[in-house]
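The primary structure of each chain is shown beneath.
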Amino acid sequence: MAALGDQAKIFTEKHRLTYYECDRTGRATLTTLINIAILASQDQSDALGLTTEFVQNHGVGWVVTQYEMTITRMPKLDETVTLAVRGSAYNPYFAFREFWIRDADGQNLAYITSIWVTMSQTTRRIVKIDPELVAPYHSEAVKRIPRLPRPINFEETPTTLSKPYQVRFFDIDPNRHVNNAHYFDWLLDTLPAEFLLQHDLVQVAVRYENEVQYGHTVTSAVNILPATAPDEVTTSHRIMVGDEKCCEVTVKWRPLAAPIE
């Protein structure tokens, strides 16, 4: 029996990490990781004739609802990586897409799975996926797509850290909502710099629940959870607009053997 998505087309391209895609340590940021993965996805779509204009002419836009990321190592400044992407499966309302980021030796640096929906540009509600928008990917039509793990339910405590962020015009993408990669800047910036300098990303689970729009002020909050193992730290994140929950994220980290100054 063939594995899920085996018949789906895989698209690959190379990308060199530039200084503006990395943090002060020379490692790519989580925002960069998502941006270059989505760039490969868009390049695949364009190559198949499924341009943003083509999709919008159907009155919809693609919106991601969940990510799961497993990170072996973050790409570094000036490193050239290979991005691979495929639209693996879909059902009437959800599409499952996979991404791989590999180094020059073909070793996996990151593996990302994601769930997508089509949203009406007029009602801003989820609508059925038009088969014309997925047929060129050769995605597998299934009754149920794979489930991704849900983030930990965020609970505010006396030690919760939080920061407000204003949503700018330049945070809005052609689908007319906040580019989902910007959430990661808000989420991780809430952590102390000392923490970010002393830890490497290992795994990320993301669930988007409500749209953030231009002019909103979001509140990004984080809990650094008690360690359950000496080589692993977990942080729980939430983004709110007023009383409305927009996004929850759980991140697992690995302490660096030699913290970066």
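Anything mentioned here points back to the structure above.
Bear in mind that the values here come from a model prediction, so they are computed numbers and not experimental data. (Residues numbered from 1 in each chain as written. Predicted model: local features only at pLDDT ≥ 70, side-chain atom pairs only at ≥ 80, totals over all residues. Heavy atoms only, no water.)

## Thoughts on the pairing of strand β11 (residues 233-241)
Applied cut-off: Whether a residue is buried, partly exposed or exposed follows from its accessible area with a 1.4 Å probe, protein chains only, as a fraction of its type maximum: under 20%, in between, or over 50%, in that order. Runs of E in the DSSP output that reach at least two residues are strands. Runs of H or I that reach at least four are helices, and both are numbered from the N terminus. Two strands make a pair as long as DSSP finds a minimum of two bridges between them.
Counting buried positions along β11 yields nine of nine residues, so the element is predominantly enclosed. Going residue by residue along β11, you find Val 233, Thr 235, His 237, Ile 239 and Val 241 tucked away on one face and Thr 234, Ser 236, Arg 238 and Met 240 tucked away on the opposite face as well. Examined bridge by bridge, strand β10 (residues 217-224) and β11 share six bridges and lie antiparallel to one another. When the sheet's bridge partners are listed, Val 222 is paired in β11 with His 237.

## Brief notes about helix α1 (residues 30-47)
Convention followed: Take the residue count of a helix, subtract one, and multiply by 1.5 Å to get its expected span.
With 18 residues, α1 ought to run about 26 Å at 1.5 Å a step, and its terminal C-alpha atoms sit 26 Å apart, in line with that. For α1, the set of buried residues is Leu 30, Thr 31, Thr 32, Leu 33, Ile 34, Ile 36, Ala 37, Ala 40, Ser 41, Gln 44 and Ser 45. A positive phi of about 85° marks Gly 49, the residue just after α1.

## Thoughts on a nonpolar patch on the surface
Note the cut-off: Distance thresholds for patches are 9 Å for like charges and 5 Å for nonpolar side chains (Val, Leu, Ile, Met, Phe, Trp, Tyr), applied to residues having over 30% relative accessible area and no salt bridge. Method for areas: the Shrake-Rupley scheme with a 1.4 Å probe, in which residue coverage is limited to the protein chains shown. Only one rule defines a salt bridge in this text: a Lys or Arg side-chain nitrogen within 4 Å of an Asp or Glu carboxyl oxygen.
On the surface, Tyr 19, Tyr 20 and Leu 77 cluster together into a nonpolar patch covering about 420 Å² of accessible area. When you line up the elements, Tyr 19 lands in the loop between β1 (11-16) and α1. For Tyr 19, a relative accessible area of 66% corresponds to the exposed category.

## Section: the state of the cysteines
Keep this limit in mind: Disulfide assignment relies on a single distance test, namely cysteine sulfur atoms paired within 2.5 Å.
On inspection of all chains with the given rule, the structure shows zero disulfides. Of the cysteine sulfurs around Cys 246, a residue in no disulfide, the closest is that of Cys 247, at 8.1 Å.

## Focus on the packing of aromatic side chains
We count it as follows: Ring geometry is summarised as follows: Phe, Tyr and Trp rings, the Trp one being its six-membered ring, pair when their centres sit within 6.5 Å, and such pairs are stacked at plane angles under 30 degrees, edge-to-face over 60 and tilted between the two.
Here the structure, examined in full by the defined rule, presents ten aromatic pairs. Ring geometry for Tyr 183 against Trp 186: centres 5.4 Å apart, planes inclined by 55°, an arrangement best described as tilted. Taken as a pair, Tyr 183 and Trp 186 lie in helix α3 (residues 182-189) at a separation of three residues, close to a single helical turn. Note on Trp 186: relative accessible area 6%, which makes it buried. With centroids separated by 5.1 Å and ring planes inclined at 90°, the aromatic side chains of Phe 195 and Trp 253 adopt a geometry described as edge-to-face. Here Phe 195, found in helix α4 (residues 193-198), pairs with Trp 253, found in strand β12 (residues 244-255); they are 58 residues apart in sequence, far enough to count as distant. Grouping residues by exposure puts Phe 195 and Trp 253 together as buried. Every member of this aromatic cluster is reached through a ring pair, and the members are Tyr 67, Tyr 165, Tyr 183, Phe 184, Trp 186 and Tyr 208.

## Side note on the pattern of salt bridges
One pass over the full model with this rule turns up eleven salt bridges. For the salt bridge of Glu 98 with Arg 86, the shortest nitrogen-to-oxygen distance reads 2.9 Å. In this pair, Glu 98 is assigned in strand β4 (residues 95-102) and Arg 86 in strand β3 (residues 80-90), connecting sequence segments twelve residues apart. Using a relative accessible area of 6% as the deciding quantity, one classes Glu 98 as buried.

## Here we look at the packing of α1 against α3
Applied cut-off: Axis geometry follows a simple rule: fit a line to the C-alpha atoms, using only the stretch in contact for helices, then measure angles between N-to-C directions, giving values from 0 to 180 degrees. Between 65 and 115 degrees an angle is taken as roughly perpendicular, under 35 as roughly parallel, over 145 as roughly antiparallel, and anywhere else as oblique. Each crossing is labelled by how the near helix is turned from the far one, with a counterclockwise turn of less than a right angle marking it left-handed and a clockwise turn marking it right-handed. It only takes one pair of heavy atoms within 4.5 Å for two residues to be counted as in contact.
As a packed pair, α1 and α3 sit with axes 8 Å apart at the nearest point and diverge in direction by 165°. One finds that α1 runs roughly antiparallel with respect to α3. Here α1 and α3 pass one another in a crossing that is right-handed. Residues Leu 30, Thr 31 and Ile 34 of α1 form the contact with α3, whose own contacting residues are Phe 184, Asp 185 and Leu 188.

## Points about unusual backbone geometry
Most peptide bonds adopt trans geometry, and most residues besides glycine take a negative phi value. A positive phi angle, close to 70°, is found at Asp 78, a residue other than glycine. Not every positive phi belongs to a glycine, and His 138 is a case in point at roughly 60°. Relative to the helices and strands, His 138 resides in the loop between β6 (126-127) and β7 (140-141).

No statement about biological role is implied by the geometric values presented.
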